[in-house]
Amino acid sequence: NSATKQLVVYVKGSYEKIKSISEAANVPATYDEVTQKCAKDGYYTLGIASKPLPQSLTTQQIANMTRDSLEAGLSICGLLLFRNEMKRDSPDAIRELKKGSIRSVICTGDNALTGISIGKQCGIASQHGKVLLGEVAKGGEGIEWRDPDSESSRSIEIGSNTYGDCQLAVTQGAWRHLHEHLSELEVIWPRIVVFARMKPEDKINVVKYFQSRALVVGMCGDGGNDCGGLRAAHAGLALSDAEASMVSPFATGRDGKSLMTVVDLIREGRACLSTNMATFQYFMVYAFTLTTIRTILVWHGALNLGEYVWVTMDIGIGMIMIWTMTLSKPTGELCHYRPTATLLGPRTLSAIAFPYITAIITLFVGFGLLWTKEWYEHLAPINDIHLLPSLWMLRGDNYDSSIGAITLVLALVNTGYVNTYGGAFRRNILTNIGVNVVYFIFLFALGWLLLSSPTQFNCVFRVNCDNKQSQEAKALTPLALFSAGGVGNCFLGPQVKIWQAEMQPVMPPEEYWLPDDESGCTPPSGSNTTPWSSPDISQFGCEGPNNCFSTALRWQLVVVFVAYILVNHLFTKLFLQGPVAARLRQMQKRTDEEQGTYVPSVYNSESDVEL
């Protein structure tokens, strides 16, 4: 005091603590009423007390005084009120989280009444219903519940018919009591919406308790006392550039550290999970379908696929198309359920099994149509024309491998595309330009391979190819340069069997004639062999050995492949994203209820998802 030269001690703290350390006679009669009203009005309320020190004390004596002696004999002299305004978009953020069936609670170091007030303003607590406050009983045994909006301080039975549906708020002492008596907490935890006066360790315990209920727990905070909870949560979002951002997996300073970033994080997270599951399903279909078709071809005649079929699958589809799948953006709003994260769940397994099974059915339907044609000639390259191991890339020069190649590529491309459907978590697939462009390029290429006359492009993939175009494919210099021999080489189709049998009498023992570039891929001139122009060698407009399909078979295969495409699109839209998926979610809800892990949303009683 500059006027009296007297030293005065001022102490600030929570208004409850300041009252407890002040002289009872020096506490205003309306202190409780005023402080609680300020807290209810949303003010961060601190109490201030003071006392003068004797002028006889020396500087050293003052320096040696303990905290207890300094805080003894205090008189309350006022309050400090801080108005930490809630951001305007916080109610909108909570409303969006409700739509996403995400239950929000307040875990704060502030006063419980302030927490309840803020909770009602932003929509976490019911604006029109009662929120009952739980505090440790005066005797230190049990919890007393009261209505903070009532003038009466009588204890309330929260399990009664009158108060059975009321939401709850707990102080630090009440929470610690409940945490030590889990049987009590088990009954009421879904009703608690405000945890007040929480220290950092209490926030960690709240997060861990929710996690013990098999819930995915996120937390956002902006202070150093939130660091523990941010680290303990499954997903912590620091609304700060300070110390909290150093321990949290996510941090933001966007839009004035708005709570809407929480909504954005969940939208992005759900879209990312949905995309991850889609790519996982694709690669499972890839593994099963490729292995099965490859095994069938080997069993059928030690057949193979054209070398550039492998390159296309691994680079064109496995890298480029799958990359475009990941370009899908999240939806603008949260859906009322979350994407599955179960690798062995019914939805995931059905999304893998259906395209795989239908692809194998499509393959055998194609084989069935092919094998019934009178012009079809089976070829086992190793046994029928004694193909050398070094010419493995030409073991796809036959009718069966062509159908296997088209079926395999179509199955993979179509699976990648239908797994990019928007649905509830990603935007409409039409907004993903990349995946649409790649998909239609592949469909056009497959249609060209199936319906066109032999071209150099066909012969790169050994589908609907003949000897003439196979040799002319040398002009495709980059492809020929990286080819192991399939591009620009003779086409060793089933017709080679005829020439080889006719050439055998003039060949040395244990040697077999095969076409080569030096002889123009034909038997030596003067040999008594079937002419090049014979229908047994050249057919359907193809020149020399070939694997060309008849016009009738081509259009029959078009029908089969279009049916495969449509069936898989319908399965995705009607089953995986339609009523069947909703049915599976209902089944999961019942399972969670039986296991005690389902929490009905206090905001959306019609929600059919786990929280």
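Please refer to the structure placed before this passage.
Remember, predicted model here, so these are calculated numbers, not experimental data.

> Describe the overall build of the protein chain, listing the residues and the values that go with them.
For the protein chain, the helix and strand inventory stands at 23 helices and 11 strands. With the principal axes as the frame, the protein chain shows a C-alpha extent of 135 × 60 × 40 Å. By the burial criterion, 49% of the 611 residues in the protein chain qualify as buried. Considering only intrachain contacts with a sequence separation of at least 6, the fraction spanning at least 24 residues in the protein chain is 69%. When the accessible surface of the protein chain is totalled, it reaches about 29,600 Å², and 58% of it is carbon and sulfur. Averaging the coordinates of the 50 positive side-chain charges in the protein chain and doing the same for the 56 negative ones gives two points 9 Å apart.

> With reference to specific residues and values, describe the packing of aromatic side chains.
Aromatic rings in a pair are described by how distant their centres are and how their planes are angled relative to each other. Overall, the coordinates contain 26 aromatic pairs when judged by the stated rule. An angle of 75° between the planes, with centres 6.3 Å apart, marks the rings of Trp499 and Trp513 as edge-to-face. Residue Trp499 is located in helix H21 (residues 496–503), and its partner Trp513 is located in the loop between H21 and helix H22 (551–576); the two are separated by 14 residues in the primary sequence. Residue Trp499 is classed as buried on the basis of its relative accessible area, which comes to 1%. Taking relative accessible area as the criterion, Trp513 reaches 8% and is therefore assigned buried. What links up through ring pairs into an aromatic cluster is the set Trp175, Trp189, Phe195, Tyr209 and Phe210.

> So what's going on with the state of the cysteines? Which residues, and what values?
Throughout the structure, instances matching the rule amount to 3 disulfides. Disulfide pairing places Cys459 opposite Cys465 at an S-S distance of 2.0 Å. When the S-S torsion is 100°, as for the bridge of Cys459 with Cys465, the disulfide is right-handed. In terms of burial, Cys459 and Cys465 fall into one category: buried. Across the disulfide from Cys542 sits Cys548; the S-S distance is 1.8 Å.

> Describe the packing of helix H12 (residues 260–301) against helix H13 (residues 307–325), and please don't skip the residues or the numbers.
One can describe the packing of H12 onto H13 by two numbers: an axis separation of 11 Å at closest approach and a directional angle of 165°. By the angle class used here, H12 and H13 are roughly antiparallel. Note on packing geometry: the crossing formed by H12 with H13 is right-handed. Contact residues: Thr275, Ala278, Thr279, Tyr282, Phe283, Tyr286, Leu290 and Arg294 in H12; Trp310, Met313, Asp314, Ile317, Gly318, Ile322 and Met325 in H13. Split by residue class, the contact of H12 with H13 holds 10 nonpolar, 3 polar and 2 charged.

> I'd like a rundown of the pairing of strand E8 (residues 192–195), residues and numbers included.
Looking along a regular strand, one sees the side chains alternate between the two faces of the sheet. In this sheet, E8 lies alongside strand E4 (residues 106–107) in parallel orientation, the contact comprising 2 bridges. Note that in E8 the partner of Cys107 across the bridge is Phe195. Two strands pair when backbone bridges link them, and strand E7 (residues 167–170) and E8 are joined in this way by 3 bridges, in the parallel orientation. Paired with Val170 across the two strands is Phe195, which belongs to E8.

> Talk me through the pattern of salt bridges; I want residue IDs and the actual numbers.
All told, the structure shown has 19 salt bridges when counted by the stated rule. Here Arg197 ties to Glu16 by a salt bridge, and the two come within 2.8 Å at their closest N and O atoms. Placement of Arg197 in the loop between E8 and helix H9 (200–212) and of Glu16 in helix H1 (residues 15–21) is noted, with a sequence separation of 181 residues between them. With a relative accessible area of 33%, Glu16 lands in the partly exposed category. Salt-bridge contacts for Glu96 lead to Lys99; the nearest nitrogen and oxygen are separated by 3.5 Å. Linking Glu96 with Lys99, this pair stays in helix H5 (residues 90–99), spanning 3 residues, or about one helical turn. Here Glu96 falls in the buried class, since its relative accessible area comes to 14%.

> Could you give an account of the sheet that holds E4, naming the residues involved and the relevant values?
Ordered in space as E4-E8-E7-E5-E6, the 5 strands form an open sheet in which the pairing is mixed. Where the open sheet ends on each side, the last strands, each with one partner, are E4 and strand E6 (143–146). Pairing of strand E5 (residues 131–136) with E6, which is carried by 4 bridges, proceeds in the antiparallel orientation. From the neighbouring strand, Leu133 faces E6, where its bridge partner is Arg146. Here helix H6 (residues 112–122) sits on the sheet and contacts E4, E5, E7 and E8; the angle it forms with E5, its principal contact strand, is near 160°.

> Pulling in residues and values, what's your account of unusual backbone geometry?
The backbone of Arg197 sits at a positive phi, close to 55°, despite the residue not being glycine. With phi around 50°, Asn464 is a residue other than glycine that occupies positive phi space. In this fold, Asn464 is placed in the loop between helix H18 (456–461) and helix H19 (467–472). By relative accessible area, Asn464 is classed as buried at 0%.

> Describe the nonpolar core, listing the residues and the values that go with them.
By size, the foremost hydrophobic cluster in this structure holds 56 residues, and its most contacted members are Met313, Ile317, Met321, Leu370, Val409 and Phe549. When residues of this core are traced back to their parent elements, those giving at least two are H12, H13, helix H14 (346–371), helix H16 (399–418), helix H17 (433–451), H18 and H22. Sort the elements by how many residues they give to this core and H16 lands first, with 12 residues. Once residues within four sequence positions are removed from consideration, Ile317 is found in contact with Tyr282, Thr312, Ile322, Val409, Leu412, Val413 and Phe442. If you look at the next biggest cluster of nonpolar residues, it comprises 32 residues, including Ile124, Val131, Ala196 and Leu239.

> I'd love a proper account of a nonpolar patch on the surface, names of residues and values included.
A surface patch of nonpolar side chains, amounting to about 360 Å² of accessible area, comprises Val311, Ile315, Met319 and Ile320. Mapped onto the secondary structure, Val311 falls in helix H13. Residue classification places Val311 among the partly exposed positions, given a relative accessible area of 37%.

Cut-offs and rules
Numbering of residues begins from 1 in every chain and follows the order in which that chain's sequence is written. Two thresholds apply to this predicted model, a pLDDT of at least 70 for residue-level local features and 80 or more for giving and counting side-chain atom pairs, whereas whole-chain, interface and lining totals are computed over all residues. In computing side-chain properties, one takes all heavy atoms of the structure into account and sets aside hydrogens as well as water. Runs of E in the DSSP output that reach at least two residues are strands. Runs of H or I that reach at least four are helices, and both are numbered from the N terminus. Classification of residues uses two cut-offs on accessible area relative to the type maximum, computed with a 1.4 Å probe and protein chains only: under 20% is buried, over 50% is exposed, and between them is partly exposed. Residue contacts follow a heavy-atom distance rule, with two residues in contact if any of their heavy atoms lie within 4.5 Å. A 1.4 Å probe and the Shrake-Rupley method give the accessible areas. Residues count as covered only by the protein chains that appear here. His is not counted, nor are the chain ends, whereas Lys and Arg count as positive and Asp and Glu as negative. A charged residue contributes its charge at one atom only: NZ of Lys, CZ of Arg, CG of Asp or CD of Glu. Aromatic contacts are taken between Phe, Tyr and Trp rings whose centres are within 6.5 Å, Trp giving its six-membered ring; a plane angle under 30 degrees counts as stacked, one over 60 as edge-to-face, and the others as tilted. Whenever a pair of cysteine sulfur atoms sits within 2.5 Å, that pair is classed as a disulfide. What counts as an axis is a line fitted to C-alpha atoms, over the stretch in contact for a helix, and the angles between N-to-C directions run from 0 to 180 degrees. The labels follow the angle: roughly parallel below 35 degrees, roughly antiparallel above 145, roughly perpendicular from 65 to 115, and oblique for the rest. Note on convention: near helix rotated counterclockwise from far helix by under a right angle means a left-handed crossing. Clockwise means right-handed. Three residue categories are used. Nonpolar comprises Ala, Val, Leu, Ile, Met, Phe, Trp, Tyr, Cys and Pro, charged comprises Asp, Glu, Lys and Arg, and polar comprises the others, including Gly. Strand pairing is assigned whenever DSSP detects at least two bridges linking the two strands. Should a side-chain nitrogen of Lys or Arg be within 4 Å of a carboxyl oxygen of Asp or Glu, the pair is scored as a salt bridge. In these notes, a set of buried Ala, Val, Leu, Ile, Met, Phe, Trp, Tyr and Cys residues joined through side-chain atoms within 4.5 Å is what counts as a nonpolar core. Each patch is assembled from residues with relative accessible area greater than 30% and no salt bridge, linking like charges that lie within 9 Å and nonpolar side chains (Val, Leu, Ile, Met, Phe, Trp, Tyr) that lie within 5 Å.

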